[in-house]
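Examining the three-dimensional arrangement
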Amino acid sequence: MDAAARAWFASRTWQSAGWTVAELVAAKGSRTVSVVLPALNEQATVAGVIASIAPLVPTLVDELVVVDSGSTDATVEVALAAGARVVHRTDVLSDLEPLPGKGEVLWRSLAATSGDLLVFVDSDLVDPDPMFVPTLLGPLLLEPDIQLVKGFYRRPLSTEDSGGGRVTELMARPLLSVLRPELAGVIQPLAGEYAGTRRLLEAVPFASGYGVEIGLLLDAHERVGLPGLAQVNLGVRRHRNQPLAALGVMARQILSTALARCGLPAAPGALTQFVQVADEWLPDTAAVPTADRPPMRQLRPSPSLPRPR
Ligand SMILES: O=c1ccn([C@@H]2O[C@H](COP(=O)(O)OP(=O)(O)O)[C@@H](O)[C@H]2O)c(=O)[nH]1
Ligand SMILES: O=C(O)[C@@H](COP(=O)(O)O)O[C@H]1O[C@H](CO)[C@@H](O)[C@H](O)[C@H]1O
């Protein structure tokens, strides 16, 4: 790591949370917190993720919202039964045709929620620790300069104790070490569990697909610098792991977003992969959406405007 990354790692990495939920509630004051779970066909896991967060409502967490990304399974019914508010991605900004992707629903969640602080948690987590949200909120509530907090964790892969975070280890981390060495100290740059201030999150674009995390990290670094970033140890994170080919498409989105944020040209979103059919290998080319959504503040300039509930 370069000197700046090393200094940041030493000063902005919490290897353990030195705070309690009660201390955070006291520190919160009049600030409000929205927890957002993006969900696409997560009927098997969304209730467990909600259950790990629901006890924090309404003290530390003011609203717990599942933003449905066009699920075709029973995600919505399961999430409602588990006690979350469920917003379909077209319930807000309904004049805008939805783009496919995780970033789209995270972007729309800004219009569906009202918290001064937002926490994003994936809905495909398996047995998430109930301390994920309080640990992510700690630096935001206790350190006035911090505006984005990334989680880090040990990432099991299927039956192995580690090996998860394949796109992180094989693409995102090497890419950051080349393009933004200052961010080389970020342990999980693609972590799907992170928290930020609305002030920051409404000021930056959102990549509509899987590039959303790398895009937000690069834009946050650009806007608030290393002092505005922090990372917290969340322990272990198990989730539904996608097959390698799907991660290839994800990596293509992340690469496009990262290059664009760093001012480098990238060919329009398309990826050719190869499949074996009998004794032949055939190309399988798919368009890879890489569009950005503009800063929410451009659409909703006045924070005093009533936010749709
Ligand atoms: O178009 C999408 C793709 C993903 N997700 C959600 O975003 C989170 C992370 O996506 P995924 O699990 O596919 O990514 P991975 O964790 O495998 O990298 C999960 O809660 C998904 O349900 C979503 O809301 N819309
Ligand atoms: O970190 C990674 O390499 C990928 C894939 O993780 P696994 O190899 O399936 O554990 O998972 C993350 O990347 C996505 C893109 O940023 C995020 O949206 C996911 O929340 C996160 O799980």
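Attention here is on the structure that accompanies the text. Predicted, not measured: the structure shown is a model, and the values here were computed from it. (Residues numbered from 1 in each chain as written. Chains lettered and ligands numbered in written order. Predicted model: local features only at pLDDT ≥ 70, side-chain atom pairs only at ≥ 80, totals over all residues. Heavy atoms only, no water.)

1. Some thoughts on the packing of helix α7 (residues 166-179) against helix α10 (residues 244-261)
Put simply, α7 and α10 touch, their axes get as near as 10 Å, and they point 15° apart. In terms of axis orientation, α7 runs roughly parallel to α10. Handedness of the crossing formed by α7 with α10: right-handed. Between α7 and α10, the contacting residues are R166, V167, M171, L175 and L179 on the first element and L244, L247, M250, A251, I254, L255, A258 and L259 on the second. Among the residues making up the contact of α7 with α10, the classes are represented as twelve nonpolar, no polar and one charged. (Axes fitted to C-alpha atoms, helices over the stretch in contact; angles between N-to-C directions. Helix = DSSP H or I, 4+ residues; strand = E, 2+ residues; numbered from the N terminus. Parallel < 35°, antiparallel > 145°, perpendicular 65-115°, else oblique. Left-handed = near helix turned anticlockwise from the far one by under 90°. Contact = heavy atoms within 4.5 Å. Nonpolar A, V, L, I, M, F, W, Y, C, P; charged D, E, K, R; others polar.)

2. Quick notes on helix α1 (residues 3-12)
Those residues of α1 not exposed but buried are A5, W8 and R12. Here the buried residues of α1 occupy an arc of 65° about the axis, which is enough to place them on one side. Opposite its buried face, α1 presents the exposed residues A3 and A10, each directed more than 90 degrees away. Contact partners of the buried residues in α1: β1 (13-14) and β12 (229-236). The N-capping residue of α1, defined by a side-chain oxygen 3.2 Å from the backbone nitrogen of A4, is D2. (Buried < 20%, exposed > 50% of the residue type's maximum accessible area, 1.4 Å probe, protein only. Arc of directions from axis to C-beta. Polar contact = N/O pair within 3.5 Å; in protein donor to acceptor, adjacent residues only side chain to side chain.)

3. Description of the nonpolar core
Of all hydrophobic cores here, the largest spans 46 residues; its most connected members are V167, L183, F206, I214 and L229. At the level of secondary structure, the elements contributing two or more residues to this core comprise β3 (63-68), α5 (102-112), β5 (117-120), α7, α8 (198-201), α9 (212-224) and α10. Ignoring sequence-local partners within four residues, the contact set of F206 consists of G103, L106, W107, L110, L201, V212, L216, R261, A291, D292 and R293. Judged by nonpolar contacts, the second largest core, of 37 residues, contains V35, V49, L60 and L136. (Core = buried A, V, L, I, M, F, W, Y, C linked by side-chain atoms within 4.5 Å.)

4. Description of the site of ligand 1
Around ligand 1, a shell composed of 16 residues is seen, among which P38, L40, E42, Y210 and R240 lie nearest. The separation between a nitrogen atom of ligand 1 and a polar side-chain atom of S69 is 2.8 Å. Between ligand 1 and K102 there is a distance of 3.4 Å, counted from an oxygen atom to a backbone nitrogen or oxygen. Calculation on ligand 1 without its partners gives an accessible area of 520 Å², and the protein chains cover 90% of this total. Here the residues of the shell around ligand 1 are counted per class, giving six nonpolar, five polar and five charged. (Near = heavy atom within 4 Å. Areas by Shrake-Rupley, 256 points an atom, 1.4 Å probe, with all protein chains shown as cover.)

5. Examining the site of ligand 2
Near ligand 2, the surroundings consist of 18 residues, among which D122, R155, R166, V167 and T168 are the closest. Within the side chain of H239, one N or O atom sits 3.0 Å away from an oxygen atom of ligand 2. Between N241 and ligand 2, the recorded distance is 3.0 Å, taken from a side-chain N or O atom to an oxygen atom. Broken down by secondary-structure element, the contributors of at least two residues to the shell around ligand 2 are α7 and α10. Of the residues in the shell around ligand 2, the class split is six nonpolar, six polar and six charged.

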